[in-house]
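A structural walkthrough
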Amino acid sequence: MLEASIAELEEEIRRCKRCKLSRFRTNAVPGKGSLKPKVFFIGEAPGRSEDEQGEPFVGAAGRVLTELLNSIGLSREVVYITNVVKCRPPGNREPTEAEIEACAPYLRRQLLLLRPKLIATLGRIAWKWVCSEFGLSFTSLSRVHGKVFEVSTEYGSAKIVPLYHPAVAIYNPNRLPMLKDDMAKLKELL
Ligand code: URA
Ligand code: SF4
């Protein structure tokens with residue numbers, strides 16, 4: 001059963017020692033949300049609050065993400081939220097290629113279990129990952145944010161929408177309208 005498979009995968013992630021990030025974490029952050037998600041969000045990696053609580057996007061960036069979701073009439077409960085890398089990189093540095101590769105099998109299994117038709121990436125690292133995973137050519141977010149890309153996956157076709165990371169609005173609230181515009185494009189696809 002799906003629920004059991006997801007629970008088992010989460011347990012595996014919480015015990016994982018496949019890469020060095022396991023040594024620094026308080027909690028791994030597998031992901032959270034609906035098992036029939038309207039949108040499957042992929043962020044970069046847990047930050048401090050996420051590491052403390054074991055849940056994705058529960059800090060400042062998470063508050064922005066919740067606001068953006070609410071702006072298109074969605075709640076966190078109807079989407080699924082996870083990250084490319086499930087453990088917090090020390091000092092919030094970017095995850096390395098080796099860490100991304102070590103962790104990727106978990107994200108692949110999450111996608112195969114939940115089979116989302118609509119995937120939204122948050123930030124450059126997640127966009128880059130889906131590009132290499134689904135054969136898209138990687139271009140800067142400034143060019144592609146809010147655009148729709150059709151890909152074929154092992155479970156059928158899916159749409160991918162690259163978005164800026166919600167953290168960009170933490171110190172630059174003037175960028176919130178742009179993030180909301182991009183979210184509105186996502187709503188058109190629902
Ligand atoms: N930033 C991310 O990319 N992911 C989180 O879960 C929190 C902050
Ligand atoms: Fe395992 Fe991923 Fe955590 Fe590395 S980041 S220890 S691969 S769960």
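The coordinates are above.
Note that the structure is a prediction, hence the values are computed from the model and not measured. (Residues numbered from 1 in each chain as written. Chains lettered and ligands numbered in written order. Predicted model: local features only at pLDDT ≥ 70, side-chain atom pairs only at ≥ 80, totals over all residues. Heavy atoms only, no water.)

1. Details of the packing of helix H3 (residues 60-71) against helix H7 (residues 176-188)
So the rule is basically this: Each axis is a line fitted through C-alpha atoms, and for a helix only the stretch in contact is used; angles between axes span 0 to 180 degrees, taken between their N-to-C directions. In this text, helices come from DSSP runs of H or I with a minimum length of four residues, and strands from runs of E with a minimum of two, each type numbered from the N-terminal end. Should an angle fall under 35 degrees it is taken as roughly parallel, and over 145 as roughly antiparallel, whereas 65 to 115 is taken as roughly perpendicular and any remaining angle as oblique. Handedness of a crossing follows from how the near helix is turned relative to the far one, being left-handed for an anticlockwise turn of less than a right angle and right-handed for a clockwise one. In what follows, residue pairs with any heavy atoms lying within 4.5 Å of each other are defined as contacts. All amino acids are sorted into three groups, where Ala, Val, Leu, Ile, Met, Phe, Trp, Tyr, Cys and Pro are nonpolar, Asp, Glu, Lys and Arg are charged, and the leftover types, Gly among them, are polar.
Interaxial distance between H3 and H7 falls to 9 Å at its minimum, and their mutual angle equals 50 degrees. Judged by the inter-axis angle, H3 sits oblique to H7. The element H3 and its partner H7 pack so that their crossing is right-handed. Along the contact surface, H3 presents Val-64, Leu-65, Glu-67, Leu-68 and Ser-71, while H7 presents Leu-176, Leu-179, Lys-180 and Met-183. Looking at the contact of H3 with H7 residue by residue, the classes come out as 6 nonpolar, 1 polar and 2 charged.

2. Some details on empty space enclosed by the protein
Heads up, the rule is: For each structure, a 1 Å grid was placed over the protein atoms alone; sets of points admitting a 1.4 Å probe that cannot get out are labelled cavities, open sets with protein on both sides within 12 Å along at least five of seven lines are labelled pockets, and lining residues have an atom within 4 Å of a point. Grid points are joined across faces, edges and corners, and a volume is the space filled by probe spheres set on the points.
Summed over all chains, the structure comprises 2 cavities of 30 Å³ or more. Here the largest cavity is characterised by a volume of approximately 110 Å³. With 4 residues, the top contributor of residues to the lining of the largest cavity is helix H4 (residues 97-114). Taken together, the residues of the lining of the largest cavity break down into 9 nonpolar, 1 polar and 5 charged. Here the second largest cavity is characterised by a volume of approximately 30 Å³. If you go around the second largest cavity, the residues you meet are Leu-68, Leu-122, Leu-163, Tyr-164, Leu-179, Asp-182 and Met-183. Broken down by element, the residue count for the lining of the second largest cavity peaks at 3 residues, all from H7.

3. Quick word on the site of ligand 1
Quick reminder of the rule: A cutoff of 4 Å decides nearness: a residue is near a molecule or strand if any of its heavy atoms lies inside that distance of it. Contacts described as polar in this section are N or O atom pairs within 3.5 Å, which, within protein, must combine one atom able to donate a hydrogen with one able to accept it, while residues neighboring in sequence count only if both atoms come from side chains. Here the accessible surface of atoms and residues is derived via Shrake-Rupley with a 1.4 Å probe, and residues count as covered only by protein chains that are part of the display. Molecules are considered to sit inside a cavity or pocket once more than half of their atoms lie within 2 Å of its grid points.
The environment of ligand 1 is made up of Gly-43, Glu-44, Ala-45, Glu-50, Pro-56, Phe-57, Asn-83 and His-165. Taking Phe-57, its main chain carries an N or O atom lying 3.0 Å from an oxygen atom of ligand 1. In this structure, a nitrogen atom belonging to ligand 1 sits 2.7 Å away from a side-chain N or O atom of Asn-83. Look at ligand 1: alone it shows 240 Å² of surface, and the protein chains cover 91% of it. Placement of ligand 1 is best described as lying within the largest pocket. Taken together, the residues of the shell around ligand 1 break down into 3 nonpolar, 3 polar and 2 charged.

4. Focus: the site of ligand 2
Neighbouring residues of ligand 2: Cys-16, Arg-18, Cys-19, Leu-21, Ser-22, Arg-25, Val-85, Lys-86, Cys-87, Ala-102, Cys-103 and Tyr-106. Assessed atom by atom at 2 Å from the grid points, ligand 2 resides in the largest cavity. Of the residues that constitute the shell around ligand 2, the class distribution is 8 nonpolar, 1 polar and 3 charged.

5. Examining the pairing of strand S5 (residues 149-153)
The test is simple: Residue burial is assigned from relative accessible area. The probe radius is 1.4 Å, only protein chains are included, and a residue is buried under 20% of its type maximum, exposed over 50%, and partly exposed in between. Pairing between strands requires that DSSP locate at least two bridges from one strand to the other.
Side chains Phe-149, Val-151 and Thr-153 of S5 all project onto a buried face; the interleaved residues Glu-150 and Ser-152 project onto a face where none is buried. Bridge count between S5 and strand S6 (residues 156-163): 5 bridges; the pairing is antiparallel. If you follow Thr-153 over to S6, its bridge partner there is Gly-156. Connecting S5 to the antiparallel partner S6 that follows it, the hairpin turn spans 2 residues.

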